[in-house]
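# Structural features, examined
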Amino acid sequence: MPNLTIAVPTYHRPDDLRELLPALVAHGRALEAEDDSDYTVEVLAVDNDPEGSGRAAASAVEGVRYVVEPHPGIAAVRNRAIDEASGSRLLAFIDDDERPHPGWLAQLVRVWEASEAAAVAGRVVAAFERPLDPWLKAGDFFTRRSLPTGTDIDVAAAGNLLLDLDQVRSSAVRFAVDLGLSGGEDTLFSRQLHHAGFRMVWCNESVITDLVPPARQNRRWVLRRAWSHGNSAAVVRLRLAEGAGGMLAARLWAVVGGAARVVGGVLRVALGIVTGSLRHQARGSRAAYRGLGMIWGAFGGVYQEYARTEAAA
């Protein structure tokens, strides 16, 4: 039985699977082949398409197990991956539009062995199919965080994440299925894990590349994402609140903090227009949209960023 599972959530991206899955199998075999390695690794593709559009791509790669999770949303897929990895101690998540750098998996495992953390998060860098618009470049929107390895963290994205399933199961924390189409499910999951007293750490040497498609390289997508992130921040804050007083404090945090971002963002845009600074214009715009998303979330609004329609499918 494998004691480490690499899980790939996927939806309507068979071409990405054809490129990614052989690389993941190679990472698993490299870990198994290390001196004194006690690891046996499996690669699991969890398809959220009930029609199984990724089946052929997964079946073409030896060493890949393929399952379909029909309930729509990334949260259901991540929970299915946890359930499917019932025999594994470790579960590594990587998205289907990401590509691992050399040593990606081994570095996550080494930091877990040293820290015994419930979760180890790695670094994400962006790659683009075409040059960025000057406004987007000035805003530096696609740069993710980078921290010294071993740094304790209180929140983590699931695109490059290793979980100790023994600790996760003992925490009883699951991904919130009702946030599966809105995003923020990994933020809530990791914050709940941290609030339950479980340790999470950073691994800066474990790197994956996020392939940013042209459809996301525009101002409209960036500002919509800012709204979504602000909305998710408010929703997560409300979910973590305890009692009526905690809920009130969370709503005030979202409203006051959101309003401050809107006002500050608009003023920064105005400064950018006066001074000709694209960075002020871009960063101010994002701050204002994030603030609007927070205010909407304070009053119960949940932005369905990944809502599906027949046309989208």
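This write-up is about the structure you can find in this document. Keep in mind the model is a prediction, meaning the values are calculated, not measured. Per chain, residue numbering runs from 1 following the sequence as it is written. Only residues with pLDDT of at least 70 are given local features in this predicted model, and only at 80 or more are side-chain atom pairs given and counted; all residues enter the totals for whole chains, interfaces and linings. As a rule here, side-chain values come from all non-hydrogen atoms in the structure, and water together with hydrogens is ignored.

### Section: the pattern of salt bridges
- A side-chain nitrogen of Lys or Arg and a carboxyl oxygen of Asp or Glu constitute a salt bridge if their distance falls within 4 Å. Counted under the stated rule, the structure contains 20 salt bridges.
- Here E69 and R80 are joined by a salt bridge, their closest N and O atoms 3.2 Å apart. Highlighted residues: E69 in the loop between β3 (64-68) and α3 (74-84) and R80 in helix α3, separated in sequence by 11 residues.
- Across the pair D178 and R239 runs a salt bridge whose closest N-O atoms are separated by 2.4 Å. Of the two residues, D178 sits in the loop between α6 (165-171) and α7 (185-195) while R239 sits in helix α8 (residues 219-240), which places them 61 residues apart along the sequence.
- Type-normalised accessible area, obtained with a 1.4 Å probe on protein chains alone, sets the label of each residue: buried when under 20%, exposed when over 50%, and partly exposed for intermediate values. Residue D178 is classed as partly exposed on the basis of its relative accessible area of 48%. Runs of H or I in DSSP of at least four residues are treated as helices and runs of E of at least two as strands, each being numbered from the N terminus.

### Let's talk about the packing of α8 against helix α10 (residues 278-298)
- An axis is simply a line fitted to the C-alpha atoms; with a helix, the fit covers only the stretch in contact. Between two such axes, the angle follows the N-to-C directions and lies from 0 to 180 degrees. The interhelical angle for the contact between α8 and α10, taken along N-to-C directions, is 40 degrees, at an axis separation of 7 Å. As α8 packs across α10, the resulting crossing turns out to be right-handed. Residues L223, A226, W227, H229, G230, N231, A233, A234 and L238 of α8 form the contact with α10, whose own contacting residues are S285, R286, Y289, R290, L292, G293, M294, W296, G297 and A298.
- Its residues assigned to classes, the contact of α8 with α10 comprises 11 nonpolar, 6 polar and 2 charged. By the definition used in this description, the sense in which the near helix is turned from the far one sets the handedness, with an anticlockwise turn below a right angle giving left-handed and a clockwise turn giving right-handed. Contacts are assigned to residue pairs that have any heavy atoms within 4.5 Å of one another. Note on residue categories: nonpolar means Ala, Val, Leu, Ile, Met, Phe, Trp, Tyr, Cys or Pro, charged means Asp, Glu, Lys or Arg, and polar means any other residue, Gly included.

### Comments concerning α10
- Expected helix span is computed as 1.5 Å times (number of residues minus one). Under the 1.5 Å per step criterion, the end-to-end length of α10 is 30 Å for 21 residues, consistent within 8% with the ideal 30 Å.
- Among the residues of α10, those classed as buried are Q281, A282, G284, S285, A288, G291, G293, M294, G297 and A298.
- Where α10 is buried, its residues meet α5 (134-139), α8 and α9 (243-275).
- Positive phi shows up at G300, right after α10, with a value of about 95 degrees.

### Things to note about the sheet that holds β3
- The 8 strands are arranged β3-β2-β1-β4-β7-β6-β8-β5 in an open sheet whose pairing can be described as mixed. At either margin of the open sheet sits one strand with a lone partner, and together these are β3 and β5 (98-100). Put simply, the sheet's adjacent strands are angled 25 degrees from each other on average, direction ignored.
- When DSSP finds two or more bridges between two strands, those strands count as paired. With 5 bridges connecting them, strand β4 (residues 90-94) and strand β7 (residues 160-164) associate as antiparallel partners.

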